[in-house]
Amino acid sequence: MSAKIPDPDNVERTFRVFPNLYIIGSMERGVTIYSQQVRAHNLAWALWELRLKSSRQPLRVAVVGGGIAALTMAACLLCLDEKVEITLFERSWDLCPFQQGADTRWVHPRIYDWPFAGSRAPSASLPVLDWTEGRASDVARTILREFGRYARAFATTEARLSVYLGLRNFQINAAASQISWVGHRAVRHDEFFHLEEPEGKADEFDIIVLATGFGTETTVPGYRMESYWRNEQLGQPPLDGAQRRYLISGFGDGALVDICRLAIERFRQDTIVYELFDEELDETETHFAQALSDPGRSQNVFDLLRENDDTWLRIARERLRNRIRKDTRITLHLLGRRREVTNFTYIFGPYSSFLHRLITYLLYRCGAFDLDFSELAVAVRSHQVDPTNVLCRYGANTMEHLKKFLNVSRPIASRLTQMKQQQLQTPNRFWIPGTFPHYSNR
Amino acid sequence: MSDQFNRNPEPVPAASQLAVMPFLAAVDGFLRRVHDVPRLRTTMHRAVNREGQLYLQQVCGYVGSDGLDWRGKVGRTFPVSEGIMGAAFKTRRIWRTKMLPTVKRVRELLAADIKKTKDGRDPATVELSFLAIPFLGPQDEPVLILYAGCDELNFFADDERVSSVAAMGKGFCQLFDWLQNNKPFLNLRNFPLQKGQPVEGEPTVYASVQEAVENILPPKFQSVPSFNYEAAAA
């Protein structure tokens, strides 16, 4: 067969919020570093095909955000076409502020796609800003080093890449394709930046790309709410010999991975499937991948897991039973933003990765945590949990986050809502193989 | 078809590159054992899936007398119908440049073939001899394809030479079968690649100059269906 080449128009459309305003992944479910990078590659490729390839006009692009998706977008555009002039805006004082120094969070490119083929491979295998599984801090280091190399190879003039850090009063006027800001222009020295004096400025751009993620997580007054990416010691056995009670509220991947860390001895996200399934791993993968390819089965997987309890999951359950942490007691608090969660099976819907749902199911079968469906304060009191040991993993309110710097007019709000419903920014690699030049060939 | 592919690299894990390079260096050493061979270079391609579509991908740079020519080469992707590799992929047989009487005759035939394939190469600079050896998987699917080219007339028309390289390939397959089954390295694994639908166009083999080798069987893996060695963190 001939290569199936997607229509760049269709790809571009899935990212377009407003004419010349695009957003990467913020309204999608199941977002990972890898999937955001794939989206950035896809959008860069589509824009290049549609706006640059056959044009002689320079294209002024604003990339909003300094995280991994934003850096990938900027690097992709830089290497694709010399006519692109990029201005990158980051509110913090450095790039990749979330993952830098995050030594307690493990990131893997595709383990959340488990049990599908290729999900265990440790490298992202992306042409631009490629990385391999590791601590989030290691991945951030790789990404920043790679971005520095792309910038050195392709940002050969000052106009090609401008970076502003430490932003204040940052506002986007989508109708006018205009951005106004107060911030420090950053002068690049390889992967590091020297800041100039702050300046206030307004400028127009041909394209504005929002790679701002979801915003910081929703906080609950009175309870500990470190960001997911901040370092803590949940995964470490305490040295004082005490047994502590924890309450985890939520049922997305952020909540379920913390259940795993608190409930399983020596838990590591990268090795757990090998440890649970060992010699049967390949066959187990094939079995569940086949089962999940039936859309009817993949929506809520509780019944699927229960049906396999005494067959494909039996040995894994026994192995896990031997690894339940003795130093923690855990309550999983389930209620939902709209108080929609009234039973345990609900959380086996498509709100988290299959791997986390499977491990949570096995932990439940091993009696590794209690369940509570009452109001949070009631649950905390009744389980006698110290408020400092309450972890609320509710995700972020993306719309509120966007409103901080974007005039969310009615058409924009309507389009964002549509994007959230449609989930069309599929993290499949749509660009033609070999599209992106690499810095090593310059 | 080739126009649909850009020639920039898609990543190949360093462990996969390292796994084939010493073998290619040994092949290079063997091929030069009697005398130096002008413009001799070897490389390896693998069958790789991307979103359900199967391509060939150059696993490492070209191994030659000057070391490794890798910039702009490693990671390139091709349709499975590309050149002599495409012929090896499709037929699951070894392919080579056939025995021809003179350099002049090779150039004449190449000029005609290049006109047909429209690959844009200059017949005066195309290598005089090519070799493509598929390394087949358990289901006879091509897993790897060794590619060699040089500027010596009839270099790969010598059955004994081709047979020796194929035998080296057999040893390579046996070792990787053993590694696949015994997994002696905790963190170094062959992460399976998905099967895909081959992406092909018009074959661009030089049909007048190149031929299938019917009397020498290609090497075959018993246990390795795809080649994707990677180093895991733990």
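Scroll up a little and you will see the structure.
These numbers were taken from a predicted model, which means no experiment stands behind them.

J.: Can you walk me through the sheet that holds strand β12 (residues 328–333) of chain A in this structure?
T.: By definition, the strands of a sheet pair up through backbone hydrogen bonds, in either a parallel or an antiparallel sense. Residues and elements named next belong to chain A. As summarised here, the arrangement of the four strands in space is β13-β12-β11-β14, forming an open sheet in which the pairing is parallel. Looking at strand neighbours, the two that pair on one side only are β13 (369–372) and β14 (390–392), the edges of this open sheet. Strand-to-strand twist across the sheet, computed as the mean angle between neighbouring axes with direction ignored, equals 20°. Examined bridge by bridge, β12 and β13 share four bridges and lie parallel to one another. The residue bridging His333 from the neighbouring strand is Asp372, located in β13. Sitting on the sheet, helix α5 (residues 253–263) is in contact with β11 (244–249), β12, β13 and β14, with an inclination near 165° to β11.

J.: Can you walk me through the pattern of salt bridges in this structure?
T.: Pairs can form between side chains of opposite charge once their charged atoms are near each other. What the rule picks out here adds up to 48 salt bridges over all chains. Note that Arg323(A) is salt-bridged to Glu275(A), the shortest N-O span being 2.7 Å. Of this pair, Arg323(A) sits in the loop between α10 (314–321) and β12 while Glu275(A) sits in helix α6 (residues 272–277), and the two are 48 residues apart along the sequence. For the salt bridge of Arg121(B) with Glu127(B), the shortest nitrogen-to-oxygen distance reads 3.1 Å. Here Arg121(B) falls in the partly exposed class, since its relative accessible area comes to 34%. We classify Glu127(B) as buried; its relative accessible area is 3%. When salt bridges that share partners are traced, they join Asp309(A), Asp310(A), Arg317(A), Glu318(A), Arg321(A) and Arg365(A) into one network.

J.: Help me out: how do you make sense of the packing of α5(A) against helix α11 (residues 354–365) of chain A in this one?
T.: For any two helices packed against each other, one specifies the inter-axial angle together with the distance between the axes. All names here are of chain A. In contact at an axis separation of 10 Å, α5 and α11 are set at 45° when each is read in the N-to-C sense. As the angle between them shows, α5 and α11 are arranged oblique. Helix-helix and strand crossings are classified by hand; for α5 and α11 the assignment is left-handed. Facing Asp253, Leu256, Val257, Ile259, Cys260 and Ala263 of α5, the residues of α11 in contact are His356, Arg357, Ile359, Thr360 and Leu363.

J.: Please clarify how the interface of chain A and chain B should be interpreted in this entry.
T.: The accessible area lost on association of the parts is a frequent measure of interface size. At the junction of the two partners, chain A supplies 35 residues and chain B supplies 32 residues. For Glu51(B), the salt bridge identified is with Arg429(A), shortest N-O distance 2.9 Å. At the junction of chain A with chain B, the criterion picks out 12 residue pairs in polar contact (both at pLDDT 80 or more). For the side of chain A that touches chain B, the per-class residue count stands at 16 nonpolar, 12 polar and seven charged.

J.: I would appreciate a short explanation of the pairing of strand β7 (residues 129–136) of chain B in the present structure.
T.: Consecutive residues of a regular strand have side chains that alternate between opposite faces of the sheet. All names here are of chain B. Of all eight residues making up β7, eight are buried, and the element is well covered by its neighbours. Here β7 shows no split at all, with Ser129, Leu131, Ile133 and Phe135 on one side and Phe130, Ala132, Pro134 and Leu136 on the other all buried. Relative to β7, strand β6 (residues 94–97) runs antiparallel, the two being bridged by two bridges. Looking across to β7, one finds that Trp95 is bridged to Ala132. Here β7 runs beside strand β8 (residues 142–150); their pairing, made up of eight bridges, is antiparallel. Bridge pairing in β8 places Leu136 opposite Pro142.

J.: Honestly, α10(A) in this entry has me stumped. Any pointers?
T.: An α-helix turns once every 3.6 residues. As a result, residues three or four positions apart point the same way. Residue and element names in this part refer to chain A. Residues of α10 that are buried: Ala316, Arg317 and Leu320. Burial along α10 is one-sided: seen end-on, the buried residues are contained in an arc of 100°. Buried residues along α10 sit in contact with α6 and α11.

Cut-offs and rules
- Residues numbered from 1 in each chain as written.
- Chains lettered and ligands numbered in written order.
- Predicted model: local features only at pLDDT ≥ 70, side-chain atom pairs only at ≥ 80, totals over all residues.
- Heavy atoms only, no water.
- Pairing = 2+ DSSP bridges.
- Helix = DSSP H or I, 4+ residues; strand = E, 2+ residues; numbered from the N terminus.
- Axes fitted to C-alpha atoms, helices over the stretch in contact; angles between N-to-C directions.
- Contact = heavy atoms within 4.5 Å.
- Salt bridge = Lys/Arg side-chain N within 4 Å of Asp/Glu carboxyl O.
- Buried < 20%, exposed > 50% of the residue type's maximum accessible area, 1.4 Å probe, protein only.
- Parallel < 35°, antiparallel > 145°, perpendicular 65-115°, else oblique.
- Left-handed = near helix turned anticlockwise from the far one by under 90°.
- Polar contact = N/O pair within 3.5 Å; in protein donor to acceptor, adjacent residues only side chain to side chain.
- Nonpolar A, V, L, I, M, F, W, Y, C, P; charged D, E, K, R; others polar.
- Arc of directions from axis to C-beta.

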